[in-house]
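Per-entry structural report
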Amino acid sequence: MALRTLASKKALSLALGGARPLASARGVTTVALPDLSYDFGALEPAISGEIMRLHHQKHHATYVANYNKALEQLDAAVAKGDASAVVQLQGAIKFNGGGHVNHSIFWKNLKPISEGGGEPPHGKLGWAIDEDFGSFEALVKKMNAEGAALQGSGWVWLALDKEAKKLSVETTANQDPLVTKGASLVPLLGIDVWEHAYYLQYKNVRPDYLNNIWKVMNWKYAGEVYDTTLA
């Protein structure tokens, strides 16, 4: 049992980049769908309530269910010593675990306008953006350009390299979490550019989606992560 537990926890750590486990049963570490801190329709008109409900209740919930299922299968494969099955499960663990991690960050990156969503960053993060990108407007332009250029599904990130203490814009394909681009990269903001994030509202016009999402961006959260990481 010790070997089975260790293997499951190690798989979780690799897929989630060290994220704290949310639940545990029979030696298998599992995760749960996080609650939103706002109503589904609270981000309108930038993001419709219909899309938020679908995105959270269907897509994210599916990542959680499939990730937990893959972990249980991994636990059983390790117990049997089935190396082939262990290898085959890595793709499902990375995809669904990454989907859970990325979306958990994404929900925190958004905030209703009535609660301060869209307000530009201040404090240390605001100064760092000016230093590393020239201006806040230049950062937004860069992230929009790189997000629009992604083919198919993926994410565009504002990242902090905690070792170099420098900001950068990164992209990841599909549901790959930012940690796959470098262990020292910490996600401050992540924008989902996958079609299900906006196709019901923006009709696949990704630049319009990218322009409007800044109206509900939670820069306070990003600033808190920045400050905590460099503390």
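Residues numbered from 1 in each chain as written. Predicted model: local features only at pLDDT ≥ 70, side-chain atom pairs only at ≥ 80, totals over all residues. Heavy atoms only, no water.

Right, let's get into the UniProt feature "binding site: Mn(2+)" (unreviewed entry) in the protein chain. Look at the UniProt record and you will see "binding site: Mn(2+)" (unreviewed entry) annotated at His55, His103, Asp192 and His196. These annotated residues cover 142 residues of sequence, and their C-alpha atoms all fall within 12.4 Å of one another, placing them together at a single site. Within the fold, His55 resides in helix H2 (residues 49–80). Every residue in contact with His55, bar those within four places of it in the chain, is listed here: His60, His103, Phe106, Trp107, Asp192, His196 and Ala197. Looking at Asp192, the relative accessible area reads 0%, which means it is buried. (UniProt positions renumbered as here; feature names shortened; annotations may be inferred. Helix = DSSP H or I, 4+ residues; strand = E, 2+ residues; numbered from the N terminus. Contact = heavy atoms within 4.5 Å. Buried < 20%, exposed > 50% of the residue type's maximum accessible area, 1.4 Å probe, protein only.)

Now for the layout of surface pockets. The gaps of empty space that remain are located by a probe, the size of a water molecule, rolled over the atoms. A volume near 190 Å³ is recorded for the second largest pocket. In terms of lining, the second largest pocket is formed by 15 residues, of which the most central are Pro120, Pro121, His122, Trp219 and Lys220. Split into classes, the residues belonging to the lining of the second largest pocket amount to 4 nonpolar, 5 polar and 6 charged. (1 Å grid on protein atoms, 1.4 Å probe; cavity = no way out; pocket = protein on both sides within 12 Å on 5 of 7 lines; lining within 4 Å. Points joined across faces, edges and corners; volume = space filled by probe spheres on them. Nonpolar A, V, L, I, M, F, W, Y, C, P; charged D, E, K, R; others polar.)

Our next topic: the packing of aromatic side chains. Within the structure shown, the criterion is met by 10 aromatic pairs. Ring geometry for Phe136 and Trp219: centres 5.5 Å apart, planes at 75°, overall edge-to-face. Of this pair, Phe136 sits in helix H5 (residues 136–149) while Trp219 sits in helix H8 (residues 219–230), and the two are 83 residues apart along the sequence. (Phe/Tyr/Trp six-rings, centres within 6.5 Å; stacked < 30°, edge-to-face > 60°.)

We now examine the pattern of salt bridges. Inspection of every chain in the model, using the stated rule, returns 4 salt bridges. As a salt-bridge pair, Asp132 and Lys166 come within 3.3 Å of each other at their nearest N and O atoms. Of the two residues, Asp132 is situated in helix H4 (residues 123–133) and Lys166 in strand E4 (residues 166–173); the sequence distance between them amounts to 34 residues. The class of Asp132 is partly exposed, set by a relative accessible area of 23%. Salt-bridge contacts for Lys142 lead to Glu146; the nearest nitrogen and oxygen are separated by 2.9 Å. With Lys142 and Glu146 both in helix H5 and 4 residues apart, the pair spans about one turn of that helix. Residue classification places Glu146 among the partly exposed positions, given a relative accessible area of 26%. (Salt bridge = Lys/Arg side-chain N within 4 Å of Asp/Glu carboxyl O.)

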